[in-house]
Amino acid sequence: MARQEQGAAFNVILEALEQASDLAELQALSERMRDYFRVDHLVYHWVSGTGEQYGCGTYDPAWVARYLQKDYLRIDPVVQSCYQRFHPVDWKQLNWSGKAVRDFQCDAIEHGVGNQGFTVPVRGPSGQFAIFTVSHSCDDCGWHEFIEENRRELILAAHYFNQKALEFEPDRAPDASRQLSPREVDAMTFLAMGYSRAQVADTLSISEHTLRVYIESARHKLGAANTTHAVARSLQQGLIIV
Amino acid sequence: MIRYLYANDLHRHDRLARSMFRDRARQFSERLKWPVDVDPHGEERDEYDALNPLYVIWERPDGHHGGSMRFLPTVGRTMTGEHFLHLTDGVHVQSPLIWECTRFCLSEKAEPRVAAALMLAGSELMRGHGVEHFLGVFDAPMERVYRAIGASPDVLGSAGKGRAKTSVGLWAYTPDARAKLIARSGLSEELMRLWYVRSFGRVDGAKSAVA
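The sections below set out a description of the structure shown in this document. (Residues numbered from 1 in each chain as written. Chains lettered and ligands numbered in written order. Predicted model: local features only at pLDDT ≥ 70, side-chain atom pairs only at ≥ 80, totals over all residues.)

Considering the overall build of chain B
Summing up its helical and strand segments, chain B has 6 helices and 7 strands in all. What you see in chain B, going N to C, is helices and strands ordered as β-α-β-β-α-β-α-β-α-β-β-α-α. Relative to the 2.2 N^0.38 estimate, which gives 17 Å for 211 residues, the radius of gyration of chain B is 17 Å and therefore close to what a compact globule would have. Across its three principal axes, chain B shows a C-alpha extent of roughly 55 × 35 × 30 Å. Out of the 211 residues belonging to chain B, those deemed buried represent 45%. A sequence separation of at least 24 residues applies to 67% of the contacts in chain B between residues at least 6 apart. (Helix = DSSP H or I, 4+ residues; strand = E, 2+ residues; numbered from the N terminus. Rg over C-alpha atoms; globule rule 2.2 N^0.38 Å. Buried ≥ 20, exposed ≤ 12 C-beta atoms within 10 Å, placed from the backbone. Contact = placed C-beta atoms within 7 Å.)

See the structure below:
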């Protein structure tokens, strides 16, 4: 797939994610996203500030049941290394030595999890925590290439899954953090009017680097895959008027 | 050498951690006169140290702190988002691709190359974790340090004058800046990679035992 087509396909899934209104839709989206990344599995696992858990994803239900029954959470190096941290990990970076951990890994591979994995930890507000994982069966070279090519989209996908899951939390106050500030609105407005980045920076009397960060921040708040989609989305949502 | 340590792993490096918080007290409280909290042991900590940040620390051969900086993801609580919005035109910068870098501190005994080594370690973080920018808060003296090592940030906004000037700036990963830092720090790519791998594990090059 050409880069541009791929970006468009990714954005279609993000649009659907933005529209999702219940956990069943989130489950369906985890399957769509797995197909998009062309990996064996994709899993999103959420733990609220009060310890409630929710998951969606494509693992074999027999594996999920076994994981719970064996209480693998205690020894799973992925969970151990991601909890309270915020950098994404390739499973190869983790310590798989020790008999219990090796047995766990064999069991996982037998249940079709795959020998490769990449996990993005997400820190939400007030103690909320989530991990987003893709896993696959392939050689190291192929996996390394896959991660290099898709790391950015995997990180974005992880955070958008989490933003959506947070919306489903009961008694949740509206999220002020996703509001665009006036400066971000200005930047998106001029871009929507067809100004180049240099022209927008000039008009707003800021450097192009600063503009880049304002756009990146607005893109994140809008749940968009890239700048073009962020502009389209702010128009759709009536956040900017041109 | 460089160590990458989350706050909840600092207890395993007691001497290093304590000397870091003491050097922070010397820099921010004594020298710069920032209104920061220093405890009875002479250690400076703030509310962001309680959020399990990632520290990048230069450890001296005797196990003491030589310099450090602190990272937090901008999707969570940050100093720039909670205290310095007036320096970013009111924009609360948030993105999983941007991390906040604060409390850049150098020990009084630090050799000149330590600042460059720390910035180089920062570029390892960007390369290794898919981070595209660092957003940082710094003061006038640090601005000179950054300039001297060829790692000047793009300034988003400043307030105050002279030594009391505080700015929010932005660093991006560029091969050019990286080459300069390698020269200034006197460290090799290989050594930086080794320190990174020791903290985060190996990804590329290694043949998996599983496959």
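Some words on the interface of chain B and chain A
Counting residues at the interface gives 33 residues for chain B, matched by 34 residues for chain A. Taken together, the elements giving at least two residues each to the side of chain B that touches chain A come down to β6 (154-159) and β7 (166-172) of chain B. Residues of the side of chain B that touches chain A, tallied by class, amount to 16 nonpolar, 12 polar and 5 charged. (Nonpolar A, V, L, I, M, F, W, Y, C, P; charged D, E, K, R; others polar.)

Some points on unusual backbone geometry
Negative phi values dominate among residues other than glycine, just as trans dominates among peptide bonds. Residue and element names in this part refer to chain B. Located in the positive-phi region is Lys33, a residue other than glycine, with phi close to 60°. The topology assignment puts Lys33 in the loop between α1 (14-31) and β2 (54-59). Given 10 C-beta atoms within a 10 Å radius, Lys33 is considered exposed.

Topic: the sheet that holds strand β5 (residues 133-139) of chain B
The strands that make up a sheet are held in pairs by hydrogen bonds between backbone atoms, and each pair lies either parallel or antiparallel. Residues and elements named next belong to chain B. Spatial strand order, β1-β2-β3-β4-β5-β7-β6: 7 strands in an open sheet with mixed pairing. Here the strands that pair on one side only, and so sit at the sheet edges, are β1 (2-6) and β6. Direction aside, the axes of adjacent strands within the sheet are offset by 20° on average. Judged from the 6 bridges that link them, strand β3 (residues 65-73) and strand β4 (residues 98-106) form a sheet pairing that is antiparallel. (Pairing = 2+ DSSP bridges. Axes fitted to C-alpha atoms, helices over the stretch in contact; angles between N-to-C directions.)

Thoughts on the packing of helix α7 (residues 182-192) of chain A against helix α10 (residues 227-236) of chain A
Between two packed helices, the angle of one axis relative to the other and the distance separating the axes together describe the packing. Residues and elements named next belong to chain A. Contact geometry of α7 with α10 gives a least axis separation of 10 Å together with a crossing angle of 100°. Comparing the axis directions of α7 and α10 gives the class roughly perpendicular. For the pair α7 and α10, contact is made by Met188, Leu191 and Ala192 and by Thr227, Ala230, Val231, Ser234 and Leu235, respectively. Residues that form the contact of α7 with α10 fall into these classes: 6 nonpolar, 2 polar and no charged. (Parallel < 35°, antiparallel > 145°, perpendicular 65-115°, else oblique.)

Points about α7 of chain A
Residues and elements named next belong to chain A. By the burial criterion, the buried members of α7 are Glu184, Asp186, Ala187, Met188, Phe190 and Leu191. On the buried face of α7, the contacting elements are α8 (197-204), α9 (208-222) and α10. Count one or two residues on from α7 and you reach Gly194, which has phi positive near 90°.

Let's talk about the environment of Asp39 of chain B
Considering the arrangement of structural elements, one finds Asp39 of chain B in the loop between α1 and β2. Separated by 91 residues in sequence, Asp39 of chain B and Gly130 of chain B place their C-alpha atoms 36 Å apart.

Description of the environment of Gly157 of chain B
All names here are of chain B. Topologically, Gly157 is positioned in strand β6. For the pair Gly157 and Val137, spaced 20 residues apart in sequence, the C-alpha to C-alpha distance is 9.9 Å. Setting aside its immediate chain neighbours within four residues, Gly157 contacts Leu87, Thr88, Asp89, Ser167 and Val168.

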